[in-house]
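Listed here are the chains, written in short residue letters.
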Amino acid sequence: MAVLQKGSTGTTYRQLSGMYLIQSGHVSSSQYVDLVFGSSNDNDNYKVFKIFLRDFTVDGYEYRARFLSSAGSPITYGHYGGGNHLGESTSSEYSFVWNNANHIPLSGGHNAASGSGAYPMNLELTVYADITHNNYASNYHFTGMFRGDSNAGYTQGVWGGGTQTGDSDYGIRITTNDESNQRIQYLTYAMYGLGGWTA
(Lines give C-alpha, C1' and ligand atoms only; values in the text may rest on other atoms or scores of the structure.)
Protein backbone atom coordinates (compact mmCIF):
# COMPACT_ATOMS: atom_id res chain seq x y z
CA MET A 1 0.00 0.00 0.00
CA ALA A 2 2.44 2.67 -1.17
CA VAL A 3 1.67 6.36 -1.58
CA LEU A 4 3.67 8.27 -4.17
CA GLN A 5 2.53 11.87 -3.78
CA LYS A 6 -0.44 13.64 -2.27
CA GLY A 7 -1.76 16.87 -3.77
CA SER A 8 -2.97 19.89 -1.81
CA THR A 9 -6.62 20.52 -1.02
CA GLY A 10 -8.69 20.88 -4.16
CA THR A 11 -6.30 18.92 -6.36
CA THR A 12 -5.95 15.29 -7.34
CA TYR A 13 -3.95 12.82 -5.33
CA ARG A 14 -1.01 11.46 -7.34
CA GLN A 15 -1.45 7.84 -6.37
CA LEU A 16 -0.61 5.39 -9.12
CA SER A 17 -1.49 2.10 -7.47
CA GLY A 18 -2.47 0.46 -4.22
CA MET A 19 -4.58 1.76 -1.38
CA TYR A 20 -4.27 4.91 0.71
CA LEU A 21 -5.59 5.22 4.26
CA ILE A 22 -7.93 8.22 4.19
CA GLN A 23 -9.63 8.05 7.57
CA SER A 24 -9.52 5.78 10.62
CA GLY A 25 -10.38 5.89 14.27
CA HIS A 26 -12.35 4.56 17.17
CA VAL A 27 -15.49 5.80 18.93
CA SER A 28 -17.52 4.80 21.95
CA SER A 29 -20.86 6.21 23.09
CA SER A 30 -21.50 7.93 19.76
CA GLN A 31 -24.53 8.77 17.62
CA TYR A 32 -22.71 8.21 14.30
CA VAL A 33 -19.42 8.37 12.43
CA ASP A 34 -19.08 10.41 9.21
CA LEU A 35 -16.51 9.11 6.72
CA VAL A 36 -15.58 11.77 4.14
CA PHE A 37 -14.26 10.84 0.68
CA GLY A 38 -15.24 13.76 -1.55
CA SER A 39 -14.52 17.00 0.32
CA SER A 40 -13.03 19.66 -2.02
CA ASN A 41 -12.39 16.90 -4.57
CA ASP A 42 -9.35 15.89 -2.52
CA ASN A 43 -9.79 12.23 -3.35
CA ASP A 44 -10.62 12.48 -7.07
CA ASN A 45 -8.05 9.88 -8.03
CA TYR A 46 -9.57 7.15 -5.88
CA LYS A 47 -13.19 6.67 -7.00
CA VAL A 48 -13.47 3.36 -5.08
CA PHE A 49 -13.37 3.26 -1.29
CA LYS A 50 -13.03 0.26 1.05
CA ILE A 51 -14.49 0.76 4.52
CA PHE A 52 -13.81 -1.70 7.33
CA LEU A 53 -16.00 -1.72 10.45
CA ARG A 54 -14.65 -3.76 13.37
CA ASP A 55 -16.28 -4.54 16.73
CA PHE A 56 -19.30 -2.39 15.77
CA THR A 57 -21.57 -2.72 18.82
CA VAL A 58 -25.13 -1.35 19.05
CA ASP A 59 -27.01 -3.64 21.48
CA GLY A 60 -30.70 -3.77 20.58
CA TYR A 61 -30.57 -1.44 17.56
CA GLU A 62 -30.18 -1.72 13.78
CA TYR A 63 -26.91 -1.21 11.93
CA ARG A 64 -27.31 1.42 9.21
CA ALA A 65 -25.40 3.63 6.77
CA ARG A 66 -26.46 6.85 5.00
CA PHE A 67 -24.74 8.75 2.20
CA LEU A 68 -23.82 12.40 2.81
CA SER A 69 -24.30 15.27 0.36
CA SER A 70 -22.18 17.69 2.44
CA ALA A 71 -20.72 18.01 5.93
CA GLY A 72 -23.26 16.80 8.48
CA SER A 73 -26.01 16.37 5.85
CA PRO A 74 -27.24 12.79 5.32
CA ILE A 75 -29.34 12.17 2.21
CA THR A 76 -32.92 11.35 3.17
CA TYR A 77 -33.97 9.58 -0.05
CA GLY A 78 -32.67 7.53 -2.96
CA HIS A 79 -31.04 4.54 -1.26
CA TYR A 80 -31.99 1.47 -3.30
CA GLY A 81 -30.83 -2.13 -3.10
CA GLY A 82 -31.25 -5.65 -1.84
CA GLY A 83 -29.47 -8.28 0.17
CA ASN A 84 -29.60 -11.57 2.05
CA HIS A 85 -28.75 -12.92 5.45
CA LEU A 86 -28.38 -16.46 6.73
CA GLY A 87 -28.31 -17.22 10.44
CA GLU A 88 -27.45 -20.17 12.63
CA SER A 89 -31.10 -20.95 13.42
CA THR A 90 -32.41 -20.69 9.85
CA SER A 91 -32.41 -23.29 7.10
CA SER A 92 -32.54 -20.93 4.13
CA GLU A 93 -31.51 -17.40 3.18
CA TYR A 94 -33.74 -14.46 3.99
CA SER A 95 -33.84 -11.62 1.50
CA PHE A 96 -34.45 -7.95 2.19
CA VAL A 97 -34.85 -4.91 -0.06
CA TRP A 98 -34.89 -1.13 0.29
CA ASN A 99 -36.56 1.22 -2.17
CA ASN A 100 -35.99 4.99 -2.09
CA ALA A 101 -35.06 4.64 1.58
CA ASN A 102 -33.23 7.16 3.76
CA HIS A 103 -30.57 4.60 4.72
CA ILE A 104 -28.81 1.31 3.87
CA PRO A 105 -29.94 -1.50 6.21
CA LEU A 106 -26.59 -3.13 7.00
CA SER A 107 -28.30 -5.64 9.29
CA GLY A 108 -31.27 -6.29 7.02
CA GLY A 109 -33.63 -4.29 9.22
CA HIS A 110 -32.95 -6.48 12.26
CA ASN A 111 -31.79 -5.37 15.67
CA ALA A 112 -28.48 -6.50 17.09
CA ALA A 113 -28.67 -8.90 20.01
CA SER A 114 -28.41 -7.35 23.47
CA GLY A 115 -25.37 -8.84 25.13
CA SER A 116 -23.64 -6.06 27.07
CA GLY A 117 -21.36 -5.41 24.12
CA ALA A 118 -20.48 -9.07 23.57
CA TYR A 119 -21.95 -9.33 20.05
CA PRO A 120 -20.38 -6.85 17.61
CA MET A 121 -20.77 -6.59 13.84
CA ASN A 122 -17.72 -6.90 11.60
CA LEU A 123 -18.32 -5.70 8.06
CA GLU A 124 -16.64 -4.53 4.85
CA LEU A 125 -18.38 -1.87 2.75
CA THR A 126 -17.22 -0.89 -0.75
CA VAL A 127 -18.34 2.42 -2.29
CA TYR A 128 -17.99 3.28 -6.00
CA ALA A 129 -18.38 7.02 -5.57
CA ASP A 130 -19.87 9.48 -8.06
CA ILE A 131 -16.92 11.87 -8.10
CA THR A 132 -15.89 12.08 -11.77
CA HIS A 133 -19.26 12.67 -13.43
CA ASN A 134 -22.15 14.82 -12.26
CA ASN A 135 -25.59 13.30 -11.73
CA TYR A 136 -24.44 9.69 -11.77
CA ALA A 137 -25.41 7.40 -8.90
CA SER A 138 -22.91 6.06 -6.40
CA ASN A 139 -22.94 2.26 -6.06
CA TYR A 140 -22.04 0.13 -3.07
CA HIS A 141 -21.95 -3.41 -1.73
CA PHE A 142 -21.24 -4.92 1.70
CA THR A 143 -20.55 -8.23 3.38
CA GLY A 144 -20.08 -9.15 7.01
CA MET A 145 -21.52 -10.82 10.06
CA PHE A 146 -23.35 -9.91 13.25
CA ARG A 147 -25.45 -11.51 15.97
CA GLY A 148 -29.03 -10.40 15.73
CA ASP A 149 -32.03 -10.91 17.95
CA SER A 150 -34.18 -14.06 17.66
CA ASN A 151 -36.08 -12.59 14.69
CA ALA A 152 -32.83 -12.23 12.74
CA GLY A 153 -31.63 -15.80 13.19
CA TYR A 154 -28.98 -15.08 15.82
CA THR A 155 -25.38 -15.24 14.51
CA GLN A 156 -25.42 -14.75 10.77
CA GLY A 157 -23.73 -13.63 7.61
CA VAL A 158 -25.20 -10.62 5.82
CA TRP A 159 -24.51 -9.23 2.35
CA GLY A 160 -26.10 -6.79 -0.07
CA GLY A 161 -25.64 -3.92 -2.47
CA GLY A 162 -27.34 -1.14 -4.34
CA THR A 163 -27.18 2.46 -5.46
CA GLN A 164 -27.69 6.01 -4.15
CA THR A 165 -29.32 8.35 -6.66
CA GLY A 166 -28.69 11.69 -4.92
CA ASP A 167 -25.65 13.95 -4.67
CA SER A 168 -23.70 11.30 -2.79
CA ASP A 169 -20.07 12.16 -3.49
CA TYR A 170 -19.20 13.73 -0.12
CA GLY A 171 -19.14 10.75 2.22
CA ILE A 172 -21.10 8.18 4.18
CA ARG A 173 -22.46 8.03 7.74
CA ILE A 174 -22.27 4.90 9.87
CA THR A 175 -25.14 4.94 12.35
CA THR A 176 -28.18 3.16 13.85
CA ASN A 177 -31.96 3.46 13.62
CA ASP A 178 -31.85 5.88 16.58
CA GLU A 179 -29.52 8.59 15.31
CA SER A 180 -30.64 11.10 17.95
CA ASN A 181 -29.03 9.15 20.79
CA GLN A 182 -25.61 7.62 21.41
CA ARG A 183 -26.41 4.02 20.45
CA ILE A 184 -22.96 3.13 19.06
CA GLN A 185 -21.26 1.59 22.05
CA TYR A 186 -18.02 0.74 20.27
CA LEU A 187 -16.66 1.00 16.73
CA THR A 188 -13.20 0.86 15.17
CA TYR A 189 -13.14 1.91 11.51
CA ALA A 190 -10.78 2.46 8.58
CA MET A 191 -11.46 3.81 5.09
CA TYR A 192 -9.04 3.32 2.20
CA GLY A 193 -9.07 4.83 -1.29
CA LEU A 194 -8.10 2.57 -4.20
CA GLY A 195 -5.73 4.29 -6.61
CA GLY A 196 -4.77 3.65 -10.20
CA TRP A 197 -7.76 5.18 -12.03
CA THR A 198 -7.08 7.33 -15.09
CA ALA A 199 -10.61 8.71 -15.59
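Residues numbered from 1 in each chain as written. Predicted model: local features only at pLDDT ≥ 70, side-chain atom pairs only at ≥ 80, totals over all residues. Heavy atoms only, no water.

1. As for the side chain of Glu179
Now for step 1: Checked against the element boundaries, Glu179 lands in the loop between β12 (171-176) and β13 (186-194).
Now for step 2: If sequence neighbours within four positions are ignored, Glu179 has contacts with Gln31, Tyr32, Arg66, Pro74 and Arg173. (Helix = DSSP H or I, 4+ residues; strand = E, 2+ residues; numbered from the N terminus. Contact = heavy atoms within 4.5 Å.)

2. Concerning the side chain of Arg173
Now for step 1: Along the polypeptide, Arg173 turns up in strand β12.
Now for step 2: Residue Arg173 is classed as buried on the basis of its relative accessible area of 3%.
Now for step 3: A distance of 2.6 Å separates the side chain of Arg173 from the side chain of Asp34, its partner in a polar contact.
Now for step 4: Contact partners of Arg173, with chain neighbours within four places excluded, come to Tyr32, Val33, Asp34, Arg64, Ala65, Arg66, Leu68, Gly72, Pro74 and Glu179. (Buried < 20%, exposed > 50% of the residue type's maximum accessible area, 1.4 Å probe, protein only. Polar contact = N/O pair within 3.5 Å; in protein donor to acceptor, adjacent residues only side chain to side chain.)

3. Notes on the sheet that holds strand β10 (residues 138-147)
Now for step 1: Spatial ordering of the open sheet is given by β1-β13-β3-β9-β10-β11-β6-β7, a layout of 8 strands whose pairing is antiparallel. The open sheet has two edge strands, β1 (19-27) and β7 (94-101), and neither has a second partner. Taking the axes of each pair of neighbouring strands and ignoring which way they run, one obtains an average angle of 15° across the sheet. (Pairing = 2+ DSSP bridges. Axes fitted to C-alpha atoms, helices over the stretch in contact; angles between N-to-C directions.)

4. Re unusual backbone geometry
Now for step 1: Phi at Ser29 takes a positive value of approximately 55°, unusual for a residue other than glycine.
Now for step 2: Mapped onto the fold, Ser29 is located in the loop between β1 and β2 (33-36).
Now for step 3: What makes Ser29 partly exposed here is its relative accessible area of 46%.
Now for step 4: In the Ramachandran plot, Asn100 falls in the positive-phi region, its phi being about 55° despite a non-glycine side chain.
Now for step 5: Tracing the backbone through its elements, the reader meets Asn100 in strand β7.

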